[in-house]
Amino acid sequence: MHDTSVKNNVDWKRLNAAFDEVYALAPEEREAAAESACGDDKTLIDELKSMIAATELAENKGFLGANAFVCSKDIVESQELTLPERIGNYSIESELGRGGMGIVYLAVHPELRRKVALKVIKRGMDSDEILRRFRLERHLLATLDHPNIARLLDGGTTEDGRPYFVLEYVDGHPITEFCDWNKLDIEQRLKIFQKVCSAVSFAHRHLVVHRDIKPSNIIVDAKGEPKLLDFGISKLLDPVAAGESLATTLAGVRLMTPEYASPEQAQGGTVSTASDLYSLGVLLYELLSGRRPVNLEGKPLMDLSRLILETDPPAPSTVISESITFEAIENTKDPVSPDTVAENRSERPEKLRRRLRGDLDNIVMMALRKEPSERYSSVEQFSEDISNHLSGLPVRARPASFNYLAAKFIGRYKPQVMAAGAALCAILIVSGAAIWQAKVATDERNRANARFEEVRKISNLLVSGWDEGLGESDVSHDARARLASISAQFLDSLSDETSEPELQKELAEAHLKLGHEFAYQLIDTANAAENLSKSEMIARRLVSVAPNEVSYKDLLVRVLFKKDEFFGHTDLEASLANRKERLLLREEMHAFSPIDELSLRGLGQAYGDVANGYLETGNIETANEYFRRSISAYRQRIDHLSRLPESAERDEKIASSYAMISHYSVLHVGDLAGALEAAETGYLAGKSAYSTAPERPSSSSVYIMAGVSLGQVLQRLGDNARSEAVFSEMATLSKAVNDKKPSAYVARKEYDSYLELAEFSNLRGDRQRALEFVRLSDRARQKWLDGDSQRDRSRSIFGSAFHNIISGKLLISMGELAMGRERLISATQLLAKVSEREPMNNLRTTHHLASVFLTLSDIEAGRGVCDHKQRPFGGVAEQIAYCRPDHDGRRGALQASAASKDYLQRAEQILSKLESSKLLRTSDANNLAIARERIYGTETVLAARK
């Protein structure tokens, strides 16, 4: 045994390079070459000779019988024997396993207390190229979000510079062991294998090739769900990618598993998705027959490539009678009898052979063809053949002969065929004519279906085109209108051609999209209403025909929501009725799935929508009751989610539910203690989601939402210090997210958070700091506008108006009267612009215009604006609504400036029109009363009411 202290001083890069150069020579030349390659460095010479001797020993004993790097126990593993206490932020509990290049530890995150698998590169393997590709692959693996792929959770670098992965920890067993220990039959094994195919196919679609598919990299948990591990690591570390071949690079052998390697991998050729498909074929061969297609046990290292390339494996059904000696079943090398193999598959040997003979033999052997081009063209095609086999349909891997197709037909309809045995002769006589007639009818039907599908594809293309590539600046208004008109015509023609429910559902979805397009983009109220009505009509018909089909009810809910969103403000009573119907549908859907989190979320939203409907009509007591029901539904959803396995998606949903509870508790129910508890718990859930998956846009958005919600509750409770700290954190995070990938939601949270911080600075008397935060908010808003292709649309103009209102009021409260007044006047101009462009939105616009005019009147009369103690819940982000200053204690007509009176009269005129149209909301009625008192005096107003 070598001295470990010496090993720590070895120049590993030089040692690895010298080994590659010397070991390629003939054995008798290696010793002299080793001394020449290392110069006068006696330590390096000793280590190199030791490495060569150990590797030659491994070759002589056989690659599978001995470690090809026996010397690694001396050179590499000696430095890894002591279990580290911590790597990065993770506490190390135990070692799970190790391979040629890395070690996997069971670790725990100190804050989240979540078990993870942490894989770190061994010392000595950290060359510059490996490190570079390791980090690149880590970024790639973060995109592989699939239920059957162990997710990449985190990554970092150790103190000595070695990168590591943090992966989802899967507590289970390799797929072959799981299937054998649970004695799964062939059909059960095929279904688990198809889930593995789904994971590999998903990776291929994301341009990732696994390169090391084998049982130990597929762990099945207690629920029977397989998880694919180490995705991309083999690709990262495999020197074949750099042009090195198996024959010349020993490390290349170490970085693949020969028993599962494709011929092109063994030969050092180009590795593609077809290589993974071959490895899947080997895995399926083993799952079905209990052995591998090529026996490499005990074979010399240099013979492996030739054996893989030249050996034609027998069909799985033909090897059932042979004993197995490789270490694969129950971790033993004792021979396993055919009876045991069959028993592990819940069959008898002869019956198992018959089960595998035919389709399954052909499917497996097609996947194992030597030439990549002769295998299945994709993993999806491979899995589809298995599905066809399980369904009794013909498979691609077997020639479609008449006998074969007939046998498949009989297999699917065996009872019927047996019952018709007496009439077999008659059937044979007339079969020719029947088949011909069926063919003619089928051809006609296929042609009709093809025509229908073409029309359907064109319609879908036109309807979805706006979402999939036609940006705001790319297509003119007239072109968009023409496309929408053509799409509507196609939809009408399709409605006349089909009554099939699923196609009718597609038509309703398409009309829903068109309704949105006409309303928001083309400002065509008539066509918007027509398409939404057609969508509603189809949805109601589907619900009446199939009242227990939840997806049809969900469609109707979404259509009603869009109608209310676009037209609800024109009739508050009709809007409330719409909301009540949506709630009824949600309650019916919930009855079908009472513990489904999506059902509970929909129920919570529906209760909240009805509550807001009552609020707008002035029924505050009933509104608050529905807000309480909404809170209850969201708490049920949280209870359900809390019982699910930990994940970023789960924590996101928990955080968003707590945000709604917090909002309703403070704003409507008045439960400040409950609001604080919900906001704090939601903040922790959002932080957990973001820590688990920081690259998921939804995780960062939910974390920011939860943080802002907590900041607002703390602000409401007067805890300004904590509130300011939270808003500071959210402003920093929002900026980082927006700099990487801007989004409208996060952009607003960034510039609104700066305004919150400006107000806190102003309250402390730091006016300059407050003004700097206002400027940061302006820059963040402008940055978003500069990158927003929809900045000229009404929604963006609304956003600019609201930002001016919020910042304008804040500036006035800071004493910056001129700047604040200028912003409020600009807001009125922007809102008027929207009103001119979109008559449908006049009512929405007028509510806000009246509010701003009242605020401007207060400013001109010297009243100022609401201070921080009186403002509506939510801080400056909710300052769009009018808030009456507390020092307005005078009654009667006010002798104010002409400008103040003018603004009052404008507000009164707008609100009076709403009153005459019976569209006055509760908040509008209060504002109208204030305007009239200030214009006409209290006595005059009271007299008019009498």
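Residues numbered from 1 in each chain as written. Predicted model: local features only at pLDDT ≥ 70, side-chain atom pairs only at ≥ 80, totals over all residues. Heavy atoms only, no water.

S.K.: Explain the environment of asparagine 624 to me, please; I cannot follow it from the model alone.
M.R.: Within the element layout of this structure, asparagine 624 appears in helix H27 (residues 620-642). It is 8.8 Å that separates the C-alpha atoms of asparagine 624 and tyrosine 614, two residues lying 10 residues apart in sequence. (Helix = DSSP H or I, 4+ residues; strand = E, 2+ residues; numbered from the N terminus.)

S.K.: When you look at the nonpolar core in this model, what are you seeing that I'm missing?
M.R.: A general trend in soluble globular proteins is that nonpolar side chains are found buried together. Formed by 64 residues in total, the largest nonpolar core has its most connected members in Ile704, Met730, Val774, Ile805, Met814, Leu824 and Phe853. It is helix H34 (residues 794-813) that provides the largest number of residues to this core, a total of 9 residues. Ignoring anything within four residues of it in the chain, the contact list for phenylalanine 853 reads Thr828, Tyr903, Arg906, Ala907 and Ile910. In this structure, Leu144, Leu287, Leu352 and Leu356 belong to the second largest nonpolar core, which totals 50 residues. (Core = buried A, V, L, I, M, F, W, Y, C linked by side-chain atoms within 4.5 Å. Buried < 20%, exposed > 50% of the residue type's maximum accessible area, 1.4 Å probe, protein only. Contact = heavy atoms within 4.5 Å.)

S.K.: I tried to follow the sheet that holds strand E9 (residues 226-228) on my own but got confused; where do I start?
M.R.: Within a sheet, adjacent strands bond to each other through the backbone by hydrogen bonds, running parallel or antiparallel. Strands sit in the order E7-E8-E9 across an open sheet of 3 strands; the sheet is antiparallel. For this open sheet the edge positions go to strand E7 (172-174) and E9, each flanked by a neighbour on one side alone. The sheet shows a mean angle of 35° between the axes of neighbouring strands, direction not considered. Direction of pairing for strand E8 (residues 218-221) relative to E9: antiparallel, over a ladder of 3 bridges. From the neighbouring strand, valine 220 faces E9, where its bridge partner is proline 226. Those strands touched by helix H8 (residues 186-205) are E8 and E9, and its axis lies near 30° from that of E9. (Pairing = 2+ DSSP bridges. Axes fitted to C-alpha atoms, helices over the stretch in contact; angles between N-to-C directions.)

S.K.: Sorry, what's going on with the packing of aromatic side chains here?
M.R.: Pairs of aromatic rings are described using the distance from one ring centre to the other and the angle between the two planes. Counted according to the given criterion, the structure contains 10 aromatic pairs. Taking the centre distance of 5.1 Å and the plane angle of 15° together, the rings of tyrosine 376 and phenylalanine 382 count as stacked. Accessibility expressed as a relative area gives 2% for tyrosine 376, which makes it buried. Here the basic side chain of arginine 629 rests over the ring of tyrosine 626, its NZ or CZ set 4.6 Å away from the ring centre. (Phe/Tyr/Trp six-rings, centres within 6.5 Å; stacked < 30°, edge-to-face > 60°. Lys NZ or Arg CZ within 6 Å of the ring centre and 35° of its normal.)

S.K.: Got a minute to help me understand the pairing of strand E2 (residues 90-98) in this structure?
M.R.: The side chains of a regular strand alternate, residue by residue, between the two faces of the sheet. Judged from the 2 bridges that link them, strand E1 (residues 86-87) and E2 form a sheet pairing that is antiparallel. Bridge pairing in E2 links isoleucine 87 to tyrosine 90. From the end of E1 to the start of E2, which pair antiparallel, there are 2 residues, and glycine 88 there has a positive phi angle of about 60°. Bridge count between E2 and strand E3 (residues 102-108): 6 bridges; the pairing is antiparallel. Bridge pairing in E3 links serine 94 to leucine 106.

S.K.: What's the story with unusual backbone geometry in this structure? I'm lost.
M.R.: A negative phi holds for most residues other than glycine; trans holds for most peptide bonds. You will see that lysine 183, though not glycine, has its phi angle at about 50°, which is positive. Within the secondary structure, lysine 183 is located in the loop between helix H7 (175-181) and H8.

S.K.: When you look at the pairing of E8 in this model, what are you seeing that I'm missing?
M.R.: Side-chain alternation along E8 places Ile218 and Val220 on one buried face and Ile219 and Asp221 on a second face that is also buried. Pairing of E7 with E8 involves 3 bridges; the strand directions are antiparallel. Among the inter-strand pairings, histidine 173 is bridged to a residue of E8, identified as valine 220. Counted between consecutive antiparallel strands, the loop separating E8 from E9 contains 4 residues, among which glycine 224 sits at a positive phi close to 85°.

S.K.: Help me understand helix H23 (residues 525-545), please; the structure alone is not making it clear to me.
M.R.: Note that an α-helix has 3.6 residues per turn; residues three or four places apart therefore point the same way. Its 21 residues place the ends of H23 30 Å apart at the C-alpha level, agreeing with the 30 Å of an ideal helix rising 1.5 Å per residue. Turning to H23, its buried residues number three or more, namely Ala528, Asn531, Leu532, Lys534, Ser535, Glu536, Ile538, Ala539, Leu542 and Val543. (Expected span 1.5 Å × (residues − 1).)

Note that every value here comes from positions in space, so none of it alone points to a role or purpose.
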